[in-house]
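Per-entry structural report
As a plain string of letters, each chain reads:
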Amino acid sequence: MSPPESPANATQVMPFDEASIACAAELVLAGQPVAVPTETVYGLAADATNAAAVARIYAAKGRPGFNPLIVHVADLAAAEMLGVFDREAQALAETHWPGPLTIVVPARADNGIAALVTAGLGTIALRVPAHPAMQALLKLTRRPLAAPSANASGRISPTRAAHVLASLDGKIRLVIDGGATTNGIESTIIAATGGGLRLLRRGPIEIDAMLASGAIEAPGMMASHYAPSKPLRLDATEVRHGEYLIGFGAIAGDASLSDSGNLIEAATRLFDLLHLADAATHPKIAIAPIPDHGIGAAIRDRLERAAAPRT
Ligand code: TXA
Ligand code: MG
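Throughout what follows, the structure given in this document is the object of discussion. In this text the structure is predicted, and so the values were computed from the model without any measurement.

Quick look at helix H2 (residues 51–61)
Those residues of H2 not exposed but buried are Ala53, Val54, Ile57, Tyr58, Ala60 and Lys61. Around the axis of H2, the buried residues are gathered within 170° of arc, so they sit on the same side. If you follow the buried residues of H2, they end up packed against strand E3 (43–47), helix H5 (115–118), strand E7 (145–146) and helix H7 (161–168). The N-capping residue of H2, defined by a side-chain oxygen 3.0 Å from the backbone nitrogen of Ala52, is Asn50. Gly62 lies just past H2 and shows a positive phi near 65°.

Listed below in structure tokens is the structure:
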């Protein structure tokens, strides 16, 4: 089956199955980025060895600078062709792959990855995703796939096909619809680039235990914002005039991240409810307090960025 014949300004949405993955693979091999679900968020995937294809990711997202991208591969063996894993990095990979963990390692010089992917850094961010759609695309294309979150630059990350369309409709050819993602926030990123591990981004894999044991040096920062188009107030215990309140636990709100106060459930619903609140008629958004432990720390991290004043 060939990729959908569609004008440049139309985005096709196809349910995840063998036929849609075949279309996606054909597009990827032709240098086009396609949106595919992963277990974290939807990714905008392109052939990481094709500079023009990678440039189309940046163009579709409207990314201002060239942030380095995560390269997705089918397994650890494929990852080791692209980067150098020391014993700590290998142990991490063996424990958490396939899954929502990205490991930054020194890049192999002759790995064939387009320089645009790593933004000229000597390191490369690698991830083995667990989602069957992304895995199927990796197997069919037999290419490493560069994939940032499938949203326009600075917008909320997509956990459903509709979220992808909300900011990329007309900018990409195909969205594979695999339903809502299971983790709901982007992968944990850990750097293993020279003695010890460093946490670069909090995520679904909880590294608090490693932090406590001193195995991770220092939390790093992520530059991007997850900005709704409206002001966002955190730690709201009551709703104020004009606010759409996102609840948690005892605070019900207009919609709740988790009635029972379950942080895992809250993580999976976070971007969903931010999209919902953004689309509501209320001019402002407020969100109930989220505890700062476990995956709650990763949730708070994203909320603080979303609430930060735009620069
Ligand atoms: O869950 C995820 O990680 C999703 C799915 C699609 O896999 N992807 C994702 O990609 O969140 P993106 O582009 O939105 O975030 C990638 C992050 C950026 O903050 C980038 O700076 C960092 O990874 N990164 C990429 N390569 C790096 C490198 N060599 N060194 C340090 N940070 C790197
Ligand atoms: Mg992103």
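Some remarks on the sheet that holds strand E14 (residues 284–287)
One open sheet accounts for four strands, arranged E11-E14-E12-E13; its pairing is parallel. The two strands at the open ends of the sheet, each matched to only one other strand, are strand E11 (232–233) and strand E13 (255–256). In this structure, strand E12 (residues 243–247) lies alongside E14, joined through four bridges in parallel fashion. Note on E14: the bridge partner recorded for Leu245 is Ala286. Packed onto the sheet, helix H9 (residues 263–279) meets E12, E13 and E14 and runs at close to 165° relative to E12.

With respect to the environment of Val175
Residue placement: Val175 occurs in strand E8 (residues 174–177). Overall, the relative accessible area of 0% leaves Val175 in the buried class. Considering only alpha carbons, one finds Val175 and Ala150, 25 residues apart in sequence, at a separation of 9.4 Å. For Val175, the contacting residues outside a window of four places in its chain are Thr11, Gln12, Val13, Met14, Ala35, Ala161, Val164 and Leu165.

What to know about the site of ligand 1
Around ligand 1, a shell composed of 22 residues is seen, among which Thr40, Arg63, His72, Ser187 and Arg201 lie nearest. In this structure, Ser187 approaches ligand 1 through a side-chain N or O atom, which is 2.6 Å from an oxygen atom. The contact in question runs from an oxygen atom of ligand 1 to an N or O atom on the side chain of Arg201, over 2.9 Å. Within the complex, 89% of the 690 Å² of free accessible area of ligand 1 lies under protein. Residues belonging to the shell around ligand 1 are distributed by class as follows: twelve nonpolar, six polar and four charged.

As for unusual backbone geometry
Only a minority of non-glycine residues have a phi that is not negative, and only a minority of peptide bonds are not trans. Each neighbour pair has its own omega, and for Trp97 with Pro98 the value is -5°, a cis peptide bond. Inspection of the secondary structure puts Pro98 in the loop between helix H4 (87–96) and strand E5 (101–106). The phi dihedral of Arg142 falls on the positive side, at around 55°, and the residue is not glycine. Summarising the element assignment, Arg142 is placed in the loop between helix H6 (132–141) and E7. On the accessibility criterion, Arg142 (72% relative accessible area) is exposed. Unusually for a residue other than glycine, Asp235 sits at a positive phi of about 55°. Assignment of secondary structure puts Asp235 in the loop between E11 and E12. Assessed through its relative accessible area of 36%, Asp235 is described here as partly exposed.

Description of the pairing of E14
Pairing analysis gives two bridges linking E11 to E14, with the strands arranged parallel. Residue Arg233 lies in a different strand from E14, and its bridge partner there is Ala286.

Here we look at the side chain of Thr188
Relative to the helices and strands, Thr188 resides in strand E9 (residues 188–191). For Thr188, the side chain forms a polar contact with the main-chain oxygen of Ile205, separated by 2.9 Å. Apart from residues lying up to four places away in sequence, Thr188 is in contact with Pro100, Leu101, Thr102, Leu199, Arg201, Arg202, Gly203, Pro204, Ile205 and Ile207.

Quick look at the packing of aromatic side chains
One pass over the full model with this rule turns up one aromatic pair. Consider the rings of Phe85 and Trp97, whose centres lie 5.9 Å apart with planes at 70°: the pair is edge-to-face. Within this pair, whereas Phe85 is found in the loop between helix H3 (76–82) and H4, its partner Trp97 is found in the loop between H4 and E5, the two being separated by twelve residues in sequence. You'll find Phe85 and Trp97 in the same group, each marked buried.

Rules used throughout
- Residues numbered from 1 in each chain as written.
- Chains lettered and ligands numbered in written order.
- Predicted model: local features only at pLDDT ≥ 70, side-chain atom pairs only at ≥ 80, totals over all residues.
- Heavy atoms only, no water.
- Buried < 20%, exposed > 50% of the residue type's maximum accessible area, 1.4 Å probe, protein only.
- Helix = DSSP H or I, 4+ residues; strand = E, 2+ residues; numbered from the N terminus.
- Arc of directions from axis to C-beta.
- Contact = heavy atoms within 4.5 Å.
- Polar contact = N/O pair within 3.5 Å; in protein donor to acceptor, adjacent residues only side chain to side chain.
- Pairing = 2+ DSSP bridges.
- Axes fitted to C-alpha atoms, helices over the stretch in contact; angles between N-to-C directions.
- Near = heavy atom within 4 Å.
- Areas by Shrake-Rupley, 256 points an atom, 1.4 Å probe, with all protein chains shown as cover.
- Nonpolar A, V, L, I, M, F, W, Y, C, P; charged D, E, K, R; others polar.
- Phe/Tyr/Trp six-rings, centres within 6.5 Å; stacked < 30°, edge-to-face > 60°.

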